[in-house]
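Geometric and topological summary
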Amino acid sequence: MIASQLTPSTRLLLGPGPSDAHPRVLTAMTTPLLGHLDPQFLEIMTETQAMLREVFGTANRLTFPISATGMAGMEACFVNLLEPGDSVVVCAAGFFGVRMIDIAERTGAKVIALQQKWGEAFDLDRIFEVLKRERPKAIGIVHAETSTGVAQSLEGLGDLCRELGTLLIVDCVTSLGCTPLKLDELKIDAAFSCSQKGLGCPPGLSPLSFGDRAVAALKARKTKVQSWYLDMTAIESYWGGDRSYHHTAPISMIYALREGLRIVLEEGLEARWARHRRNHLALKAGLEAIGLNYIAAPECRLPQLNAVHIPAGVEDIPNRKRMLTDFGIEIGGGLGDFKGKAWRIGLMGYNSKPSSVFQVLAALEVVLRGAGAKVVPGAGVAAAESAYD
Ligand SMILES: *Cc1c(COP(=O)(O)O)cnc(C)c1O
């Protein structure tokens, strides 16, 4: 059997990721391949790492993209920094926090799981208390919980971790490139992200950064890292030092990331964060005008991921399907506790722009009216327009 020629429909990806890649990134990906040990490619690796450090806000030498998606970055942090007998606090207030617990448990470490109601942020004092009592080797927390649209403050957490000798591991998958994040200022010891959300690239890479304390913990291990592929002590010699073969780097994806990072730095981090905020505020005005209310409280909303309750009487799947088939727009459904009850609208990276805001609002108005909801035609679009003014 030979499948037909590939002709996917044009979509506007406004879900929780992937978001659309920047056209310049897609062009970079069609550049001819180099060998993964070609001097020119080694130079491209060095440049990519330098830009990645800047975007992460870190001087960490061990900063590079893992050749896999965000989940591999999560797994890499836990398998490298924990071994049987260690203890770790994991904070879960949504789908990705819960996954972090599962991954931490598989390392054989003792896991102290701190749960928070989905849709809420952790009160840091509660975390501080647990840390002082347990003095764990590490703590894992999600900076931007994509399943609920909640931003988690990390204020003061890094300082306390330094004081207690605890490693701070942060999931920055949805925050990098969208909302303020500076690893060194926040004293984050290990962080991971992805290529397909705030960086405007396709999925396939997981930028990762280990600080000195994480590297020291890695060197002090008594047992081998459980995963061969994600063993940082081995990958380090490829990405970190002498560039000796570990695995074949996904060349085209590195081209993509390099271009994505160039675009981020050309725009400037502050300007990029402000753009995400501005488009979020316009979308928020529009969503509220058509009766879609946020799950997260105003003080902890993510601009890049707008999670709203589906109005009573409106079905989830048929209406999301209509968004896709009639308007070519993908939005996300709810996960876990919010399955069938929430819609998640992403304005990430390249897609955080007025045209996305107006397109999704116009489509939602039509879809909601079709589903019997009371929506004044044009109300959402008009509210977004005045928010931009
Ligand atoms: C998307 C996401 C992940 C997983 O990343 P993949 O690239 O899908 O493997 C992990 N954590 C958070 C917070 C995410 O939003």
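What to know about the sheet that holds strand E2 (residues 62–66)
Taken together, the seven strands give an open sheet; going across it, the order is E2-E10-E9-E8-E5-E3-E4, and neighbouring strands pair in mixed fashion. In the strand order of this sheet, the two ends are held by E2 and strand E4 (110–115), each with one partner. Averaged over neighbouring strand pairs, the angle between their axes works out to 15° when direction is ignored. Taken together, the three bridges between strand E3 (residues 87–92) and strand E5 (residues 138–142) define a ladder with parallel strand orientation. What sits directly across from Val 90, in E5, is Gly 140. Packed on one face of the sheet, helix H2 (residues 39–56) meets E2, strand E9 (190–192) and strand E10 (206–210) and runs near 105° to E2.

Brief notes about the packing of aromatic side chains
Applying the stated criterion across every chain yields a total of four aromatic pairs. Taking the centre distance of 6.0 Å and the plane angle of 65° together, the rings of Tyr 238 and Trp 239 count as edge-to-face. When sorted by exposure, Tyr 238 lands in the same class as Trp 239, which is buried. Ring plane angle 50° and centroid distance 5.7 Å describe the contact between Phe 358 and Tyr 388, whose orientation is recorded as tilted. Of this pair, Phe 358 sits in helix H12 (residues 354–370) while Tyr 388 is found in helix H13 (residues 379–388), placing the two residues 30 residues apart along the sequence. Judged by its relative accessible area of 26%, Phe 358 is partly exposed. Accessibility expressed as a relative area gives 26% for Tyr 388, which makes it partly exposed.

Details of the pairing of strand E14 (residues 342–346)
Most of E14 is tucked away: five of the five residues are buried. With burial as the criterion, each face of E14 is covered, one bearing Ala 342, Arg 344 and Gly 346 and the other bearing Trp 343 and Ile 345. Alignment of strand E11 (residues 305–309) against E14, held across five bridges, turns out to be antiparallel. Across the sheet, residue Ala 307 finds its bridge partner in E14, namely Arg 344. Bridge analysis of strand E13 (residues 332–333) against E14 gives two bridges, and the strand direction is antiparallel. Counted as the bridge partner of Gly 333 is Trp 343 from E14.

So, how was this worked out
- For every chain, the first residue of the written sequence is number 1, and numbering continues from 1 onward in sequence order.
- Reporting of local features is limited, given that this is a predicted model, to residues whose pLDDT is at least 70; pairs of side-chain atoms are given and counted only at 80 or more, and all residues count toward the totals for whole chains, interfaces and linings.
- As a rule here, side-chain values come from all non-hydrogen atoms in the structure, and water together with hydrogens is ignored.
- Pairing between two strands requires that DSSP report at least two bridges joining them.
- Labels follow the DSSP assignment, with helices taken as runs of H or I lasting at least four residues and strands as runs of E lasting at least two, numbered in each case from the N terminus.
- Every angle, taken between N-to-C directions, lies between 0 and 180 degrees, and every axis is a line fitted to C-alpha atoms, over only the stretch in contact when it is a helix.
- What makes two residues a contact is simply this: any of their non-hydrogen atoms within 4.5 Å.
- Stacked, edge-to-face and tilted labels apply to pairs of Phe, Tyr and Trp rings (six-membered ring for Trp) whose centres lie within 6.5 Å, assigned for plane angles under 30 degrees, over 60, and everything in between, in that order.
- Working definition: with a 1.4 Å probe on protein chains only, accessible area under 20% of the residue-type maximum means buried, over 50% means exposed, and in between means partly exposed.

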